[in-house]
Amino acid sequence: MTRNVAKFLFVTMLLAVFSVLWFRVAWISDDALISMRSVLNLTNGYGPVFNVGERVQAYTHTLWFFALAGTELLLKNIYLSSLVLSLLSSVLAIAVLIWHSRTGIILTTMCFLALILSKAFMDFSSSGLEVPLSYLLLALSMISFERAHRHGSADKIIQPVFLFGLCYLNRPDLIFFLVPAGVMLFLNSGSKIGFMVKAVFALSPVILWTLFSLFYYGNPFPNTALAKLNTGIGTIERLEQGGRYFFHSVVTDPVTPAIILVACVLGLFQSAGRTFVYGLILYLLYICYVGGDFMEGRFLAPAYFFSIFLMVMRPTARSRAILLSVCVLLFGVPNISKTILSGPDYEHREINADGIADERGFYYQRWGLLSPKRRGFPPPEWRTFTDLQLGGIVCHQLGQRGIDSGPSVSWIDRCALTDPVLSRLPARQRDDWRIGHYYRQIPTNYEFAHVGQIDRLIDAETKHLVELVHSVVRGDLWSFQRLKDVFRLQFYSLPQPTFDIYRNYDISSRDLQPEDAAAFHSEIMYFSTIDPKHQTGTEQDQVTEAGAETELVFGERGLQINVPDGQAPRFLHLGIQAEDKFSVFILNDGQVSQVRFPPSESGEHRPLTIAVPSRLKNYSIKLIPGVIRTRYVVSVELEE
């Protein structure tokens, strides 16, 4: 048996082991569903957008996005396309790593064991996000750089620089891994001008995409980046959160930070490969600077694979091999229940005090490949676009809501990932802010502006900003005025709302008039079901017992209580929490009256008594919140 045949069989055996384990942990994250909605809009002819009619780049991973779109066109199932592309990318990345390993078979096997024992690596070898493709591109970039650096010729720089550009397109922050390598290629080139010419040619996909993005989206960078970097959160706060992110990994996935640390320390003490160590350290500093992420291990997974690849690229001394083996066995074995032995019942829905969650544990039962609670992955029905409807203001599970609702429903993302206006406003100041979830305050009557009624906005500066942004993302693509507005948006000062108000003060999100009440789609609750514990009579003739108090819980769309004929009490007593602001509308056969209920300065619950008209038809009460949050509680007591 020749050496290459034996090596091929060895690689095949390890890839078979990985594939079996991959199927046990494969899942899809909600963030991936946000991109999938844009893919479905693209493949169905509505453009690469999240909300139809609004050109916003709601995905960070351009290369992964179009690879996913191409796969979806072939398979006609966005979920399976994501899983297939993830598996293929992960398998190829591991195959490249093992095939190009210059260590012995024992140490290569130990590095493979390190991969499958890392929760970060295994979690994000699927998930629907771009991480598997990042593994593959980083591996190819490192190999290509080594070849170019070994030859020391400017003629060899096109391939590595081209791959560096693909890494950037797949995930812009991957470029931190490769900046030192790019600088090294430049310094070692003979003709600097020749190097620059070849580099521009090699980076042409990046340049062309950036120009297209500027023209089509009105922004050279993803809206997601703007939403997460333009928050108003101070550098010290972000650095502290970044430190907590690393510490969380030490506690929950110790093998990942341990191997990264070993790769950094060992790499600094050998000249060969030190360039990549500098890139690894630069990337880790960047992750700390931005505060990490809310998904445990997501940003560390590429760094982990990068570290493993560093170790196998060159022969390793026996002492270093022993150190690696000890780390794998000492820190990797505790992860075995979360990786190798992870089964279909895996679930962990806790979000810790630092806002970091086991995202696979949170979503696996709903979106896991082998979850017993999920019956396959039938493709979503992407219905034909009709009249655009406003679905609501959301942040949590935006991806799933976007997929379930189809293209005709438009969503306002209060975390601003998909909203081009809110991403230009700072996040609301909160002591309990959560990384990756930067809640924006909704400008007063922004829901009206979202559906085209910009004149309903109260603040003049905010109105000017919305007009400019809407001209760019909704205006005629080729109009001269829009192109001027794109230029203004990038190079001129924007209309500046009072950012301090959006950052530090509560503002009223809605200023509704009586004529708005009937058309406002609130949650509906029938009078007879307010308090099931105190009902009497048949199902058709249930009446809530007088004097019983209960609590109603509802969301940001408010609540409409429909009162049937002949069942209305004389008075309806509402108890509203001190910090809440409501408009209470009484609708009676086309007639609307309104009571405004501002927040209390005393910090106590406030009572509101509504005298209920008797024997009236089509009678209902609407409680519409003025300051938008995700949950409201109102106590109700009926008086005969």
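Residues numbered from 1 in each chain as written. Predicted model: local features only at pLDDT ≥ 70, side-chain atom pairs only at ≥ 80, totals over all residues. Heavy atoms only, no water.

Moving on to the overall build of the protein. Counting secondary structure elements, the protein contains 24 helices and 13 strands. Split by element, the accessible area of the protein, about 27,600 Å² in all, is 61% carbon and sulfur. (Helix = DSSP H or I, 4+ residues; strand = E, 2+ residues; numbered from the N terminus. Areas by Shrake-Rupley, 256 points an atom, 1.4 Å probe, with all protein chains shown as cover.)

Another aspect to go through is helix H21 (residues 460-474). Between its first and last C-alpha atoms H21 spans 20 Å; for 15 residues at 1.5 Å apiece the expected length is 21 Å, and the two agree. Along H21, the positions that sit buried rather than exposed are Thr462, Leu465, Val466, Leu468, Val469, His470, Ser471, Val472 and Val473. Among the structural elements, helix H20 (446-450), helix H22 (480-491) and helix H23 (499-504) are those in contact with the buried residues of H21. (Expected span 1.5 Å × (residues − 1). Buried < 20%, exposed > 50% of the residue type's maximum accessible area, 1.4 Å probe, protein only. Contact = heavy atoms within 4.5 Å.)

Our next topic: the environment of lysine 198. Tracing the chain through its elements places lysine 198 in helix H10 (residues 192-202). Given the relative accessible area of 25%, lysine 198 is considered partly exposed.

Position of histidine 470 relative to the elements: it lies in helix H21. Beyond its immediate stretch of four places on either side in the chain, histidine 470 contacts Glu54, Val421, Ala449, Ile454 and Gly475.

The next point concerns the pattern of salt bridges. Enumeration according to the criterion identifies 12 salt bridges in this entry. Between lysine 119 and glutamate 296 there is a salt bridge whose closest N-O contact spans 3.2 Å. On the criterion of sequence distance, the pair formed by lysine 119 in helix H6 (residues 119-123) and glutamate 296 in the loop between helix H15 (274-290) and helix H16 (300-312) is long-range, its members being 177 residues apart. We note that lysine 119, like glutamate 296, is buried. The shortest N-O distance in the salt bridge between glutamate 130 and arginine 298 comes to 3.5 Å. Of this pair, glutamate 130 sits in the loop between H6 and helix H7 (131-151) while arginine 298 is found in the loop between H15 and H16, placing the two residues 168 residues apart along the sequence. Exposure remark for glutamate 130: the relative accessible area of 3% places this residue in the buried category. Given a relative accessible area of 4%, arginine 298 falls into the buried group. (Salt bridge = Lys/Arg side-chain N within 4 Å of Asp/Glu carboxyl O.)

So, on to the side chain of arginine 360. With respect to the helices and strands, the residue arginine 360 is situated in helix H18 (residues 359-367). In this view, arginine 360 contacts Val25, Trp27, Lys119, Asp123, Lys338, Ser342 and Tyr346; residues no more than four positions away in its chain are not counted.

Attention shifts here to helix H5 (residues 105-117). Its 13 residues place the ends of H5 18 Å apart at the C-alpha level, agreeing with the 18 Å of an ideal helix rising 1.5 Å per residue. Those residues of H5 that fall on the buried side of the exposure criterion are Leu107, Thr108, Met110, Cys111, Phe112, Ala114, Leu115, Ile116 and Leu117.

All right, on to the state of the cysteines then. Per the stated rule, a full pass over the model turns up 1 disulfide. With its sulfur 1.9 Å from that of its partner, cysteine 395 forms a disulfide with cysteine 415. Because the torsion about its S-S bond is -95°, the bridge between cysteine 395 and cysteine 415 counts as left-handed. Of this pair, cysteine 395 sits in the loop between strand S1 (389-394) and helix H19 (398-405) while cysteine 415 sits in the loop between strand S2 (409-413) and H20, and the two are 20 residues apart along the sequence. Neither cysteine 395 nor cysteine 415 differs from the other in exposure class; each is buried. (Disulfide = S-S within 2.5 Å.)

So, on to unusual backbone geometry. The residue serine 127 is not glycine, and still its phi comes out positive at about 80°. Relative to the elements of secondary structure, serine 127 occurs in the loop between H6 and H7. For serine 127, a relative accessible area of 0% gives the class buried.

This part takes up the pairing of S2. With 5 of 5 residues buried, S2 is to be regarded as a mostly interior element. The alternating pattern of S2 places Val409, Trp411 and Asp413 and Ser410 and Ile412 on opposite faces, both of which are buried. As judged from the 5 bridges shared by S1 and S2, these two strands associate in the parallel manner. Considered in S2, the bridge of isoleucine 393 is made with isoleucine 412. Crossover S1 to S2 through H19 is right-handed. (Pairing = 2+ DSSP bridges. Right-handed = clockwise from strand over helix to strand, strands pointing away.)

With that out of the way, let us pick up the packing of aromatic side chains. The relation between two aromatic rings is expressed through the spacing of the ring centres and the mutual angle of the planes. Evaluated as defined, the whole model comprises 31 aromatic pairs. Centroid distance phenylalanine 18 to phenylalanine 121: 6.2 Å. Interplanar angle 55°. Geometry classified as tilted. Highlighted residues: phenylalanine 18 in helix H1 (residues 3-25) and phenylalanine 121 in helix H6, separated in sequence by 103 residues. Given the relative accessible area of 0%, phenylalanine 18 is considered buried. Phenylalanine 121 gets classed as buried once you look at its relative accessible area, which sits at 0%. Here phenylalanine 177 and phenylalanine 306 contribute two aromatic rings whose centre-to-centre distance is 4.6 Å and whose plane-to-plane angle is 35°, an arrangement assigned as tilted. Of this pair, phenylalanine 177 sits in helix H9 (residues 175-188) while phenylalanine 306 is found in helix H16, placing the two residues 129 residues apart along the sequence. The exposure classification of phenylalanine 177 matches that of phenylalanine 306, with both residues buried. Following the ring pairs from residue to residue traces out a cluster consisting of Tyr59, Phe65, Phe66, Trp209, Phe212, Tyr216 and Tyr217. Stacked on the ring of phenylalanine 362, the Lys or Arg arginine 349 has its end atom at 4.0 Å from the ring centre. (Phe/Tyr/Trp six-rings, centres within 6.5 Å; stacked < 30°, edge-to-face > 60°. Lys NZ or Arg CZ within 6 Å of the ring centre and 35° of its normal.)

So, about the confidence of the model for the protein. With 90% of its residues at a pLDDT of at least 70, the protein reaches an overall mean of 86. Note on residues 531-547: pLDDT is under 50 here. Beyond four places in sequence and across chains, it has 28 contacts. (pLDDT = per-residue confidence, 0-100.)

Right, let's talk about the environment of phenylalanine 585 for a bit. Mapped onto the fold, phenylalanine 585 is located in strand S9 (residues 582-588). Spatially, the C-alpha atom of phenylalanine 585 lies 6.4 Å from that of valine 595, the residues being 10 residues apart in sequence.

Relative to each other, H9 and H15 sit at 145°, their axes nearing to 6 Å. Seen from above, H9 lies across H15 with right-handed handedness. Along its contact with H9, which presents Phe176, Phe177, Val179, Pro180, Ala181 and Met184, the element H15 presents Thr275, Phe276, Tyr278, Gly279, Leu280, Leu282, Tyr283 and Tyr286. Residues that form the contact of H9 with H15 fall into these classes: 12 nonpolar, 2 polar and no charged. (Axes fitted to C-alpha atoms, helices over the stretch in contact; angles between N-to-C directions. Left-handed = near helix turned anticlockwise from the far one by under 90°. Nonpolar A, V, L, I, M, F, W, Y, C, P; charged D, E, K, R; others polar.)

We now examine a nonpolar patch on the surface. Taken together, the side chains of Leu261, Val265, Leu268, Phe269 and Tyr278 make up a nonpolar region of the molecular surface, amounting to roughly 520 Å² of accessible area. A total of 3 residues in the nonpolar patch trace back to one element, the largest contributor, which is helix H14 (residues 255-268). Among the structural elements, phenylalanine 269 can be located in the loop between H14 and H15. For phenylalanine 269, a relative accessible area of 66% puts it in the exposed group. (Patch = residues over 30% accessible without salt bridge, like charges linked within 9 Å, V, L, I, M, F, W, Y side chains within 5 Å.)

Our next topic: the environment of tryptophan 99. Mapped onto the elements of the fold, tryptophan 99 is located in helix H4 (residues 78-99). Tryptophan 99 gets classed as partly exposed once you look at its relative accessible area, which sits at 34%. Excluding residues that lie within four positions of it along the chain, tryptophan 99 makes contacts with Asn4, Lys7, Phe8 and Val11.

Further remarks concern the packing of H1 against H5. Viewed as axis vectors pointing N to C, H1 and H5 meet at an angle of 15°, and their least axial separation amounts to 11 Å. Relative to H5, the element H1 lies roughly parallel. For the element pair H1 and H5, the recorded crossing hand is right-handed. Counting all contacts with H1, which are made through Phe10, Leu14, Val17, Phe18 and Leu21, the residues of H5 involved are Ile105, Thr108, Thr109, Phe112 and Ile116. (Parallel < 35°, antiparallel > 145°, perpendicular 65-115°, else oblique.)

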